[in-house]
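# Tertiary structure, described
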Amino acid sequence: MPTEALEIQSPRYIVRPLESDDFWHLRRMEDEIWGGDATGQLCPYYLRLCTELYPEWCFIALDGERPVGYVLNFPNGKVAYCATLAVHPDYQKGKVNYLLIRAMLGKLFQEDMVECRFLVAPDNRDARSVHNALGARVVREVEDYYHQGDHRLWSAITKEDLDRVRTRYTRLRLVS
Ligand SMILES: CC(C)(COP(=O)(O)OP(=O)(O)OC[C@H]1O[C@@H](n2cnc3c(N)ncnc32)[C@H](O)[C@@H]1OP(=O)(O)O)[C@@H](O)C(=O)NCCC(=O)NCCS
């Protein structure tokens, strides 16, 4: 498998791995997307972890100069944790989410990962739809996660799901 950086160019958008300066783009999008949601917003230490230690696992989507979405992933052996997938409200229900998922899957395939895990709030319909479309199943429920009373679901896609998605994406020529 090639190990070069994954970059996707569509006629309008560029999706590429993070760079150090993307810290400021992520800060801005965190504000724009998560607004006053204290649970949703990531602290600067966490964002620097992404830009400095895991840049090749995390992807940003740009519409010209404007950052419009991101997906943050962390590997643990051959299991990936998809920590955040977020698209600016002006760009939701469009192509950006698909391009980000495609970049993330490309990395998972490239690194021959055997599982990918997502953590999601039970009522986050859009996020759960995306996970379900990839074949994710809830594997665990956790309580008091980010604050007292915070109920979250862990869901996972396994090697079989990844292989199935890969076949579908290869057929659609979305990955090679
Ligand atoms: C979660 C989020 C990124 C989804 O992006 P979006 O543009 O709203 O999502 P889409 O409309 O493209 O995806 C939803 C639909 O497309 C389908 N879909 C999405 N990605 C897909 C994929 N890669 N393959 C196939 N189908 C897919 C889903 O089945 C879903 O279908 P539905 O119409 O039945 O719901 C976006 O809503 C967001 O940023 N929300 C705020 C942040 C957040 O809560 N993030 C998740 C927790 S970290």
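Here, the structure is the one placed above.
So, a few notes on the structure that sits alongside this text. (Residues numbered from 1 in each chain as written. Predicted model: local features only at pLDDT ≥ 70, side-chain atom pairs only at ≥ 80, totals over all residues.)

The next thing to look at is the overall build of the chain. A tally of regular secondary structure across the chain gives 5 helices and 8 strands. Taken from the N to the C terminus, the helices and strands of the chain come in the order β-β-α-α-β-β-β-α-β-α-β-β-α. Against the 2.2 N^0.38 benchmark of 16 Å for 176 residues, the chain shows a C-alpha radius of gyration of 15 Å, consistent with a compact globule. Dimensions of the chain along its principal axes, counting C-alpha atoms only, are 45 × 35 × 30 Å. Counting every position in the chain, which comprises 176 residues, the buried fraction comes to 30%. The long-range fraction of contacts in the chain, counting pairs at least 24 apart against all pairs at least 6 apart in sequence, stands at 60%. (Helix = DSSP H or I, 4+ residues; strand = E, 2+ residues; numbered from the N terminus. Rg over C-alpha atoms; globule rule 2.2 N^0.38 Å. Buried ≥ 20, exposed ≤ 12 C-beta atoms within 10 Å, placed from the backbone. Contact = placed C-beta atoms within 7 Å.)

With mixed pairing, 8 strands are arranged side by side in an open sheet as β1-β2-β3-β4-β5-β6-β8-β7. In the strand order of this sheet, the two ends are held by β1 (8-9) and β7 (137-142), each with one partner. Where strand β6 (residues 115-120) lies against strand β8 (residues 152-158), 6 bridges are found, and the strand directions are antiparallel. Within the sheet, the bridge partner assigned to R117 lies in β8 and is A156. The sheet contacts of helix α4 (residues 125-133) involve β5 (79-87), β6 and β8, and relative to β6 the element is tilted by about 165 degrees. (Pairing = 2+ DSSP bridges. Axes fitted to C-alpha atoms, helices over the stretch in contact; angles between N-to-C directions.)

Here β1 pairs with strand β2 (residues 13-17) via 2 bridges, running antiparallel. Residue pairing in the sheet places Q9 in a bridge with I14 of β2. Between β1 and β2, which pair antiparallel in sequence order, lie 3 residues. Where β2 meets strand β3 (residues 59-63), 5 bridges bridge the pair, whose relative direction is antiparallel.

Here we come to helix α5 (residues 159-171). For an α-helix, 3.6 residues make a turn, and residues three or four places apart therefore share a direction. The end-to-end C-alpha distance of α5, which contains 13 residues, comes to 18 Å, matching closely the 18 Å that a straight helix rising 1.5 Å per residue would cover. Following α5 by one or two positions, R173 adopts a phi angle in the positive range, close to 60 degrees. (Expected span 1.5 Å × (residues − 1).)

Neighbouring the ligand are 17 residues; Q92, D126, A127, S129 and A133 lie closest to it. Of all the secondary-structure elements, those providing two or more residues to the shell around the ligand are β5, α3 (96-110) and α4. Considering every element that reaches the shell around the ligand, the biggest residue donor is α4, with 5 residues. Of the residues belonging to the shell around the ligand, the class tally is 10 nonpolar, 5 polar and 2 charged. (Near = placed C-beta within 6 Å. Nonpolar A, V, L, I, M, F, W, Y, C, P; charged D, E, K, R; others polar.)

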